[in-house]
Amino acid sequence: QVQLVESGGGLVQAGGSLGLSCQASGNIFRVNAMGWYRQAPGKQRELVAAITRGAMTNYADSVKGRFTVSRDNAKNTVYLQMNSLKPEDTAVYYCNAGVTTGNSYTMDYWGKGTLVTVSS
């Protein structure tokens, strides 16, 4: 069993910054790609940023230049630094990771989500 636990959400004013982190734990052989998705009320879940084990990154156009994704492979942790936040960034942010378990299965896992609210 693998768990992803997010932390760092909260309320921030527009223009402010917030950092999220997500740690994977459990029966892990290797954590592969990790990423952050978000879902705003009434909208579909969308990719925000992703990072490979080798630190190649990919961002949604809407967050390029404002958000930075990074990871610590030794800690099985992914981070999302969010700067210049806008009200439209308000959403529940979910951590995602592709994990190869100790039983050699590779599956996608999701965190429970953390709410980010940006006030105008």
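Throughout what follows, the structure given in this document is the object of discussion. Since this is a predicted model, take the numbers as computed values, not measurements.

Digging into the overall build of the protein chain
Then, in step 1: Per the secondary structure count, the protein chain includes zero helices and 11 strands.
Then, in step 2: Relative to the globule expectation of 14 Å for 120 residues, the C-alpha radius of gyration of the protein chain, 14 Å, shows essentially globular dimensions.
Then, in step 3: Projected onto the principal axes, the alpha-carbon positions of the protein chain cover approximately 50 × 25 × 20 Å.
Then, in step 4: With 120 residues in all, the protein chain has 40% of them scored as buried.
Then, in step 5: Contacts in the protein chain between residues far apart in sequence, at least 24 positions, make up 55% of those at least 6 positions apart.
Then, in step 6: In the form shown here, the protein chain has an accessible surface area of approximately 6,400 Å², with 49% of it arising from carbon and sulfur atoms.
Then, in step 7: The protein chain carries 11 positive and 7 negative side-chain charges, and their two centres are separated by 4 Å.

Points about the pairing of strand 3 (residues 18-26)
Then, in step 1: Note that strand 1 (residues 2-7) and strand 3 share six bridges and pair antiparallel. If you follow Glu6 over to strand 3, its bridge partner there is Cys22.
Then, in step 2: Relative to strand 8 (residues 77-82), strand 3 is paired through six bridges, and the arrangement is antiparallel. Among the inter-strand pairings, Leu18 is bridged to a residue of strand 8, identified as Met82.

Thoughts on the pairing of strand 11 (residues 114-119)
Then, in step 1: Side-chain alternation along strand 11 places Thr114, Val116 and Val118 on a buried face and Leu115, Thr117 and Ser119 on a face that remains uncovered.
Then, in step 2: Pairing of strand 2 (residues 10-13) with strand 11 involves four bridges; the strand directions are parallel. Across the sheet, residue Leu11 finds its bridge partner in strand 11, namely Thr117.
Then, in step 3: With three bridges connecting them, strand 9 (residues 91-101) and strand 11 associate as antiparallel partners. Within the sheet, the bridge partner assigned to Val92 lies in strand 11 and is Leu115.

Details of the nonpolar core
Among soluble globular proteins, nonpolar side chains are generally buried collectively.
Then, in step 1: Membership of the largest hydrophobic core comes to 31 residues, with the highest contact counts inside it found for Trp36, Leu80, Met82 and Tyr93.
Then, in step 2: Elements that contribute at least two residues to this core include exactly strand 1, strand 3, strand 4 (28-39), strand 5 (46-51), strand 7 (67-72), strand 8, strand 9 and strand 11.
Then, in step 3: Per element, the largest residue contribution to this core is five residues, and it comes from strand 9.
Then, in step 4: Once you skip the residues sitting within four places of it in the chain, Met82 turns out to touch Gly16, Ser17, Leu18, Leu20, Arg66, Phe67, Tyr93 and Val116.

What to know about the packing of aromatic side chains
Then, in step 1: Taken as a whole, this structure holds one aromatic pair when the rule is applied.
Then, in step 2: Their ring planes at 65° and their centres at 4.9 Å tell us that Tyr37 and Trp110 sit as a pair that is edge-to-face. Here Trp110 lies in strand 10 (residues 106-110) and Tyr37 lies in strand 4, a separation of 73 residues in the sequence.
Then, in step 3: On the basis of relative accessible area, Tyr37 is assigned to the partly exposed category, the value being 23%.
Then, in step 4: When its relative accessible area of 36% is taken as the criterion, Trp110 is described as partly exposed.

Reading the values: rules and limits
Residues numbered from 1 in each chain as written. Predicted model: local features only at pLDDT ≥ 70, side-chain atom pairs only at ≥ 80, totals over all residues. Heavy atoms only, no water. Helix = DSSP H or I, 4+ residues; strand = E, 2+ residues; numbered from the N terminus. Rg over C-alpha atoms; globule rule 2.2 N^0.38 Å. Buried < 20%, exposed > 50% of the residue type's maximum accessible area, 1.4 Å probe, protein only. Contact = heavy atoms within 4.5 Å. Areas by Shrake-Rupley, 256 points an atom, 1.4 Å probe, with all protein chains shown as cover. Lys, Arg positive; Asp, Glu negative; His and termini not counted. Charge placed at Lys NZ, Arg CZ, Asp CG, Glu CD. Pairing = 2+ DSSP bridges. Core = buried A, V, L, I, M, F, W, Y, C linked by side-chain atoms within 4.5 Å. Phe/Tyr/Trp six-rings, centres within 6.5 Å; stacked < 30°, edge-to-face > 60°.

Keep in mind that these numbers describe shape and distance, not what the molecule does.
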